[in-house]
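Examining the three-dimensional arrangement
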Amino acid sequence: MSPTQLTGMTLRQARDGLLKKSFSAVELVESHIDAIATHSQLNAFITETPDLARAQAVKADERLARQEGGPLEGLPIAMKDLFCTEGVRTTAASRILGNFVPPYESTVSANLKQAGAVMLGKTSLDEFAMGSSNTTSAFGAVINPWKRRSDPEARLVPGGSSGGSAAAVAARMALAATGTDTGGSIRQPAAFCGIVGLKPTYGRCSRWGIIAFASSLDQAGPMARTVEDVAMMLQAMAGHDPKDSTSAPIAVPDFSAALTGDIRGLKIGVPKEYRPSGLSSEMVKLWDDGIDMLKDAGATPVEISLPHSKYALATYYIVAPAECSSNLARYDGVRYGLRVEGKTLDEMYAKTRAAGFGTEVRRRIMIGTYVLSAGYYDAYYAKAQKLRSLIARDFQQAFELVDVILTPTAPTPAFAIGDNDEDPVTMWLNDIFTVPTSLAGLPGLSLPTGLSADGLPLGLQLIGRPFDEETLLRVAGVLEKAAAFTALPPGLGG
Amino acid sequence: MSLDKVAVKNIASLARIEVRDEDLDGLAVELSNILRFVEQLAEVNTDGIAPMTSVAHLELPRRSDQVNDGGYVERVLANAPEQQDGFFLVPKVVE
Amino acid sequence: MSMVIQGETGDWEMVIGLEVHAQVTSQAKLFSGAATDFGRPPNSQVSLVDAAMPGMLPVINEQCIYQAVRTGLGLRAVINLTSVFARKNYFYADLPQGYQISQYEQPIVGEGEVVLDMPDGSTRRVGIERLHLEQDAGKSLHDQHPTKSFIDLNRSGVALMEIVSKPDMRCPEEAAVYVAKLRSILRYLGSCDGNMAEGSLRCDANVSVRKPGEGLRTRAEIKNVNSLRFLQQAIEYEARRQIDLYEEGGQVVQETRLFDANKGETRSMRSKEHAHDYRYFPDPDLLPLTLTPAYVSAIKADLPELPDQKKERFVREYCLTPYDAGVLVAEQANADFFETVAKGRDAKLACNWVTGDFAAVMNRLGRSIEDPPVTAEHLGQLIDLIADNTISGRIAKEVFELMVETGQAPAVLVEERGLKQVTDSGAIEAAIDAVLTANSGKVSEYRSGKDKLFGFFVGQVMKNTGGKANPALVNDVLRKKLEG
């Protein structure tokens, strides 16, 4: 097989090829290492680990030969640089962790390793996963492999925060990748890059060893090119972890088996509040088309109401900064990471943190510090947590009527680097459809179902009941088939 | 809520982030805008609503009282910016 | 014990509340599996969680919950079936996370009380406001290097119970008795070893003064008092400082003050004043802690006999005075020792021996109740010898010293050294006759009304019998002879 054929396969096809010995894991990995080099201008990786990958591939071939391969044996994937990887630099795309080499491996990356997956490297992200554009990385912006038809020279963002992972999967540098999602960080970049991304239910994947942004929202999940691939990845990543007190002691179902293709009788919720007046007509059409596709497959659309979702962004921008201000207090230059010397301990702290954190991270830490401070806690944090209860209750009531909910993933297609930079609040509007799901801890999946007039991928989001990723995947599989999204970024055969 | 320079300086000091004096005004405007944005929550009546403590409706899991961790000073100190004799070193704290 | 302090403007009263940090007795830390042993090489008992490495998460140690609930029950306190762990955010070199996991609005234990046994035999009740679980910080060493502080995280994450009293104490002595009593309860429960020298029991004092009858005035918090003596000194000094300040027309500011044991004074900790805003919020890495009523009642049913109950029983069963009983029960080992000695014997006598000669010898030799100079069994046998008139009380003291020296059983020593009491009335009569004959002048004086001489005759008889004559018998026979 040609190198492009090897990188052009789905995760599932590659696994079948390895099992049939159509090619070796070494060949498969080597072709991806080449692809990474070819697309280096996208800046998707912070740290590449080709030698490690080659060594893992050799081992994988040995295990495959002995028929002892794991479910992802020999399959090359990319790891968001928020997952701590033992002996491999882990930065969270921040200067403050620029030289940090964890002496431990995150549970999720360890699970993937255990399943046989081969790690190609650590992908870029918005610094500490705070952002929707991947432009806040201390290692430079990541570039979306997709181009505007009207302006192919414009460099577009891949979305964020898991922008490096999304770009790597979209540009065929990896068969799949890990992401993390706090307010939309898997789903929005998946939509921007024309791939599938799944944020599982909060508690489905262990957070142990994932650099924390907002603990009550952070959740790891897979990013891949098909629904089936995402199911395979989640299978390996998920599971109860006694080291994470918020990890759910719930058995992991067979996610691939959930892809029956049959959604007859299911009720699809369509929230009436998710059609703000400013939503573009092409986005409205994409959504309506999606509804029709599910209807054609035998499901019933039902209008639902999520009245408090309009407060989700404001709620999120209290809760997430509050938690981040506390979670990021440990970056103080004492035990690891950057230290900028100072005459006193406090001076060292202040200089280290000013130099180590970028603008957006500093801004969120300061907002979070403020909303938790004496006299303001009730007005901000306590209020936001009450709103969160209301938002979650809306979903709970909706799920008494419907089985899944369908919405757009993001209000717009990928924008150009530099757009939306002046005003943080405008930038945050990217997450308007994804944040409510995060606040309620529900699973959400984004998949590409069409192109914008300018040739950019657009995604729809499916939201499921807690721990019902199976129904989510089942409906996504049907929608994927009906939408038949086959477009590829320019230069990748599309 | 509109923040002034003094308030921003105080927040920065609480957060241990050095901010240059010339940046205080800009930061005050930026943070004030964000606060104005999130203050829309005030319009929602939340009387009698319990704040969400966790999205995971689980029991707090407990570990048994066993020593099964630690004992690896080299891993603990591996990334230390400054260390000596098994200790982390910081600028002297005068109490 | 004076409750009132004379000032130039009249009488003042102290108001004292204490915050005691007690290290929970457990093998592993509150939220990690690292060990809690004292005095190990730096950073050798530190897990990645304790060092707050990126992505590390806390999981609570069930033993610490158990110990907190037991302690709460021991303090006759309300156990909160739902409690919440919150982050207390502040920066310090030995606080790796940049926050301490503690409990704020919803502690595991609510209101309770401690009964103080005062030296004058009276009792005082001190209210407990709350008890909560929290992580200890690491240790900073400031004297190792001219420009650096050294950080050891071995203590980082060790479980503490913070036990907060109500401001119910009115003098330094009460504060000391309170801490001693709390320590005693904790040690009975086995929930804290109470070792103040190793820092497993630490104490902060909130002190204010007021004119009698007034409401509360501004308080100062005194940190770093690591012995009962220093606690009293610190409170005394601080109250006097505040009174002087008020009387000079000044005001007390709410602040944290450090006790300097060398100078015997408290001084302001300016570093702590800087932005005292802990930004508490529920720890999102943990869920609310819920306990079932069954869990709590099972622990309650399993509680050991605690000092107050034991004291009450000692008063009831052994007819001891409340004061004697209070002294005996303060340390469980002492109480157990006493019970072994007293079982089936004259309890008052046993008490006198245990708290008297025995305690004195233990002190003199620097021994402990765990390594006593005389075993409880031997001391009991000694009391038996007194009770059955084998030896007199006076001889018993001599035998006791021999027991301490030789470690031999009292019966053996009495036998070997011929210390048996003379109870043969014939022999005593002979001895008395000899004394009366030798002192016929004094006998006449006595008979003419000089009653006081009776003691002289007894002394002479005892002297001549080497102290072995039964004193009661001597009295009896002597009286008959003199009056006959």
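Conventions we followed
- Residues numbered from 1 in each chain as written.
- Chains lettered and ligands numbered in written order.
- Predicted model: local features only at pLDDT ≥ 70, side-chain atom pairs only at ≥ 80, totals over all residues.
- Heavy atoms only, no water.
- Helix = DSSP H or I, 4+ residues; strand = E, 2+ residues; numbered from the N terminus.
- Rg over C-alpha atoms; globule rule 2.2 N^0.38 Å.
- Areas by Shrake-Rupley, 256 points an atom, 1.4 Å probe, with all protein chains shown as cover.
- Lys, Arg positive; Asp, Glu negative; His and termini not counted.
- Charge placed at Lys NZ, Arg CZ, Asp CG, Glu CD.
- Salt bridge = Lys/Arg side-chain N within 4 Å of Asp/Glu carboxyl O.
- Buried < 20%, exposed > 50% of the residue type's maximum accessible area, 1.4 Å probe, protein only.
- Pairing = 2+ DSSP bridges.
- Phe/Tyr/Trp six-rings, centres within 6.5 Å; stacked < 30°, edge-to-face > 60°.
- Lys NZ or Arg CZ within 6 Å of the ring centre and 35° of its normal.
- Contact = heavy atoms within 4.5 Å.
- Polar contact = N/O pair within 3.5 Å; in protein donor to acceptor, adjacent residues only side chain to side chain.
- Nonpolar A, V, L, I, M, F, W, Y, C, P; charged D, E, K, R; others polar.
- Core = buried A, V, L, I, M, F, W, Y, C linked by side-chain atoms within 4.5 Å.
- Buried area = accessible area lost by both parts, 1.4 Å probe.
- Domains from an automatic or database assignment.

This brings us to the overall build of chain B. From N to C terminus, chain B includes three helices and three strands. In terms of overall size, chain B is more extended than a compact globule, its C-alpha atoms giving a radius of gyration of 22 Å where 95 residues would be expected to give roughly 12 Å. For chain B, the C-alpha atoms occupy an extent of roughly 55 × 45 × 25 Å along the three principal directions. Only carbon and sulfur atoms are counted for the fraction: they give 49% of the accessible area of chain B, which is about 5000 Å². Treating the 9 positive side-chain charges of chain B as one cloud and the 17 negative ones as another, the clouds have centres 3 Å apart.

Residues and elements named next belong to chain C. If you walk through the whole model with that rule in mind, you get 69 salt bridges over all chains. A salt bridge links Lys181 to Asp117, with the nearest nitrogen and oxygen atoms 3.2 Å apart. A residue pair is termed long-range when its members are at least 10 positions apart, and Lys181 in helix 2 (residues 172-189) and Asp117 in strand 7 (residues 112-117) qualify at 64 residues. The exposure class assigned to Lys181 is buried, which follows from its relative accessible area of 8%. Between Glu174 and Arg124 there is a salt bridge; the shortest N-O distance is 2.7 Å. Taken together, the residues Glu174 in helix 2 and Arg124 in strand 8 (residues 123-135) connect sequence positions 50 residues apart. Judged by relative accessible area, which is 26%, Arg124 ranks as partly exposed. Among the charged side chains, a network of salt bridges with common partners joins Arg76, Glu113, Asp117, Arg125, Lys181, Asp308 and Lys311.

Next up on the list: the sheet that holds strand 9 (residues 139-141) of chain C. In spatial order, the strands read 2(B)-3(B)-10(C)-9(C); together these four strands make up an open sheet with antiparallel pairing. The outermost strands of the open sheet, each flanked by one partner alone, are strand 2 (83-84) of chain B together with strand 9 of chain C. Taken together, the four bridges between strand 3 (residues 87-91) of chain B and strand 10 (residues 148-152) of chain C define a ladder with antiparallel strand orientation. In the sheet register, Leu89 of chain B faces strand 10 of chain C, and the bridge partner there is Phe150 of chain C.

Moving on: the packing of aromatic side chains. Following the criterion strictly, the structure yields 33 aromatic pairs over all chains and no others. Each ring, one from Tyr316 of chain A and one from Tyr317 of chain A, has its centre 4.9 Å from the other, and the planes form 80°; the classification is edge-to-face. Judged by centre distance (3.4 Å) and plane angle (5°), the rings of Tyr317 of chain A and Trp428 of chain A are stacked. Taken as a pair, Tyr317 of chain A in helix 10 (residues 312-327) and Trp428 of chain A in helix 14 (residues 424-428) lie far apart in primary sequence, 111 residues in all. Each member of the pair, Tyr317 of chain A as well as Trp428 of chain A, carries the same accessibility label: buried. Grouped by ring-pair contacts, the aromatic residues Phe100, Phe128, Tyr331, Tyr336 and Phe357 of chain A constitute a single cluster. Its end group placed over the ring of Tyr278 of chain C, Lys88 of chain C keeps NZ or CZ at 4.4 Å from the ring centre.

At the junction of the two partners, chain C supplies 30 residues and chain A supplies 39 residues. Put simply, chain C and chain A have one salt bridge between them. Ionic pairing is found between Asp285 of chain C and Arg207 of chain A, a salt bridge with its closest N-O pair at 3.1 Å. Our count for the chain C to chain A interface comes out at 18 residue pairs in polar contact (both at pLDDT 80 or more). Looking at the side of chain C that touches chain A, the elements with two or more residues in it are strand 5 (85-89) and strand 16 (281-282) of chain C. A per-class count over the side of chain C that touches chain A returns 21 nonpolar, four polar and five charged.

The next thing to look at is unusual backbone geometry. Phi is mostly negative for residues that are not glycine, and the peptide bonds are mostly trans. Residue and element names in this part refer to chain A. The peptide bond linking Gly160 to Ser161 adopts the cis configuration, its omega dihedral lying at 10°. Secondary-structure assignment places Ser161 in the loop between strand 3 (118-123) and helix 6 (163-170). One non-glycine residue, Phe128, lies in the positive phi region at around 55°. Counting through the fold element by element, Phe128 comes out in the loop between strand 3 and helix 6. Overall, Phe128 belongs to the buried group, its relative accessible area being 0%.

The next point concerns the nonpolar core. The biggest cluster of nonpolar side chains holds 211 residues, and the ones touching the most others in it are Leu72, Leu112, Phe128 and Phe395 of chain A. No other element matches helix 10 of chain A, which puts 10 residues into this core. Not counting residues up to four positions away in its chain, the partners in contact with Phe128 of chain A are Leu82, Ala92, Ser94, Ile96, Leu97, Ile211, Ala212, Phe213, Leu328, Tyr331, Phe357 and Val361 of chain A. Counting 108 residues, the second largest nonpolar core, distinct from the first, contains Leu75, Met118, Ala342 and Leu385 of chain C.

Residues and elements named next belong to chain A. Extensive coverage of helix 6 is indicated by the burial of eight of its eight residues. Looking only at helix 6, the buried set comprises Gly163, Gly164, Ser165, Ala166, Ala167, Ala168, Val169 and Ala170. Residues of helix 6 that are buried make contact with strand 1 (45-48), strand 2 (76-80), strand 3, strand 4 (176-181), helix 7 (187-193) and strand 6 (219-224).

At the interface, 66 residues of chain A touch 44 residues of chain B. Overall, the association of chain A and chain B removes approximately 4600 Å² of surface from exposure, summing both partners, and the carbon and sulfur fraction of that is 71%. By the criterion of area lost to chain B, the three top residues of chain A are Tyr311, Met366 and Tyr370 of chain A, representing 14% of everything that side buries. Taken together, the connections running from chain A to chain B amount to four salt bridges. Across the pair Arg363 of chain A and Glu30 of chain B runs a salt bridge whose closest N-O atoms are separated by 2.7 Å. Here chain A is connected to chain B by 18 residue pairs in polar contact (both at pLDDT 80 or more). Counting residues per element, the ones that place at least two in the side of chain A that touches chain B are helix 10, helix 11 (345-356), helix 12 (359-372), helix 13 (378-398), helix 14 and helix 15 (435-440) of chain A. With 12 residues, the single largest contributor to the side of chain A that touches chain B is helix 13 of chain A.

Moving on to the domain arrangement of chain A. Residue and element names in this part refer to chain A. Annotation of chain A at the domain level lists domain 1 (3-264) and domain 2 (310-384). Measuring from the centre of the C-alpha atoms in domain 1 to the corresponding centre in domain 2 gives 28 Å. Contacts between domain 1 and domain 2 engage 20 residues on the former and 20 residues on the latter. Of the roughly 1600 Å² buried between domain 1 and domain 2, counting both surfaces, carbon and sulfur atoms make up 63%. Along the contact surface separating domain 1 from domain 2 lie zero salt bridges. Where domain 1 packs against domain 2, one counts 10 residue pairs in polar contact (both at pLDDT 80 or more). Split by residue class, the side of domain 1 that touches domain 2 holds 10 nonpolar, eight polar and two charged.

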